[in-house]
Amino acid sequence: MDLLKSIAVATSGLRSQSGRMRIIAENLANADSGSDRAGVDPYRRKIPTFQRRVDRELEAQVVDLGRVQRDQSAFRTKFEPGNPAADATGNVSMPNVNSLVETMDMREAQRSYEANLNLISSTRRMIQRTIDILRV
């Protein structure tokens, strides 16, 4: 039945977006956490990826959270000569996390999550209406 397939596909989207939001929350939590000593890299931003796969039982394509990649962009620097993690010039490496970007990613993930949830709710209502019609 196609309605059950749509629920399964939307459920896979819910799981994927939930994982994405967890990774974004981790990035936000570590946005200002520098290293504790010189020469050690601070937290590196994580980037969630998605992958398609075919669910042979449902005969439908679903989405899964793929490998989590590390953002290889440069770290931010902050001038703090008294910090134990400062280099010879007094600069401290800070995580390459931009809170504004993460907030926008979180908002996008939230909207995708809500869209999948709405699809499940609509499908359940259609199934219930079909059952009600068949009872008459």
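Please refer to the structure higher up on the page.
Positions within a chain are numbered from 1, following the residues in the order the chain's sequence is written. Note on the predicted model: pLDDT of at least 70 is required for a residue's local features to be given, and 80 or more for side-chain atom pairs to be given and counted; whole-chain, interface and lining totals, by contrast, use all residues. Only hydrogens and water are removed before side-chain values are computed, so all heavy atoms of the structure are retained for them.

Throughout, exposure labels follow a simple rule: accessible area from a 1.4 Å probe, protein chains only, divided by the maximum for the residue type, with under 20% read as buried, over 50% as exposed, and the rest as partly exposed. Runs of H or I in DSSP of at least four residues are treated as helices and runs of E of at least two as strands, each being numbered from the N terminus. Residues Ala60, Val62 and Asp64 line the buried face of strand S3 (residues 60-65), whereas the alternating positions Gln61, Val63 and Leu65 sit on a face that is not buried. Strand pairing is defined by DSSP finding a minimum of two bridges between the two strands. For strand S2 (residues 50-55) and S3, the ladder comprises six bridges, and the chain directions are antiparallel. Its bridge partner lying in S3, Gln51 is registered against Asp64. Taking the residues that link successive antiparallel strands as the turn, the S2-S3 hairpin has four residues, and the phi of Glu59 there is positive, at about 55°.

The next point concerns the pattern of salt bridges. What counts as a salt bridge is simple: a side-chain nitrogen of Lys or Arg found within 4 Å of a carboxyl oxygen of Asp or Glu. Following the criterion strictly, the structure yields ten salt bridges and no others. Salt-bridge contacts for Arg20 lead to Glu108; the nearest nitrogen and oxygen are separated by 3.6 Å. Taken together, the residues span a long stretch of sequence, with Arg20 in helix H1 (residues 2-29) and Glu108 in helix H2 (residues 99-135) at a distance of 88 residues. Among the salt bridges present, the one from Glu102 reaches Arg45, with a minimum N-O distance of 2.3 Å. Highlighted residues: Glu102 in helix H2 and Arg45 in the loop between H1 and strand S1 (46-47), separated in sequence by 57 residues.

Moving on, we come to H2. Between the first and last residue of a helix there are one fewer steps than residues, each counted as 1.5 Å, and that sum is the expected span. Here H2 contains 37 residues, and its C-alpha end-to-end distance of 54 Å stays within 8% of the 54 Å for a straight helix at 1.5 Å per residue. All of the buried residues in H2 are Glu102, Ala109, Asn116, Ile120 and Thr123. Here a residue-residue contact requires only that any non-hydrogen atoms of the pair lie within 4.5 Å. Close packing links the buried residues of H2 with H1. Definition of a polar contact: a pair of N or O atoms within 3.5 Å, with one able to donate and the other able to accept a hydrogen when the atoms are protein atoms, and with sequence-neighbouring residues admitted only if both atoms are side-chain atoms. The N-cap of H2, judged by a side-chain oxygen 3.0 Å from the amide nitrogen of Leu100 a few residues on, is Asn98.

Phi is positive for Glu59, close to 55°, though the residue is something other than glycine. Within the secondary structure, Glu59 sits in the loop between S2 and S3. Judged by its relative accessible area of 64%, Glu59 is exposed.

Moving on, we get to the packing of H1 against H2. Axes, fitted as lines to C-alpha atoms, cover a helix only where it is in contact. Angles between the N-to-C directions of the axes lie from 0 to 180 degrees. With their axes 9 Å apart at the nearest point, H1 and H2 run at an angle of 160° to one another. By the criterion of interaxial angle, the relationship of H1 to H2 is roughly antiparallel. In this structure, H1 meets H2 at a crossing whose hand is left-handed. Looking at side-chain class alone, the contact of H1 with H2 contains 17 nonpolar, twelve polar and five charged residues. By definition in this entry, angles of less than 35 degrees are roughly parallel, angles greater than 145 are roughly antiparallel, angles of 65 to 115 are roughly perpendicular, and the rest are oblique. Left-handed describes a crossing whose near helix is turned anticlockwise from the far helix by less than a right angle; the clockwise case is right-handed. Amino acids outside the nonpolar list (Ala, Val, Leu, Ile, Met, Phe, Trp, Tyr, Cys, Pro) and the charged list (Asp, Glu, Lys, Arg) are all regarded as polar, and Gly is one of them.

So, to be careful, I would describe these as geometric facts and stop short of saying anything about function.
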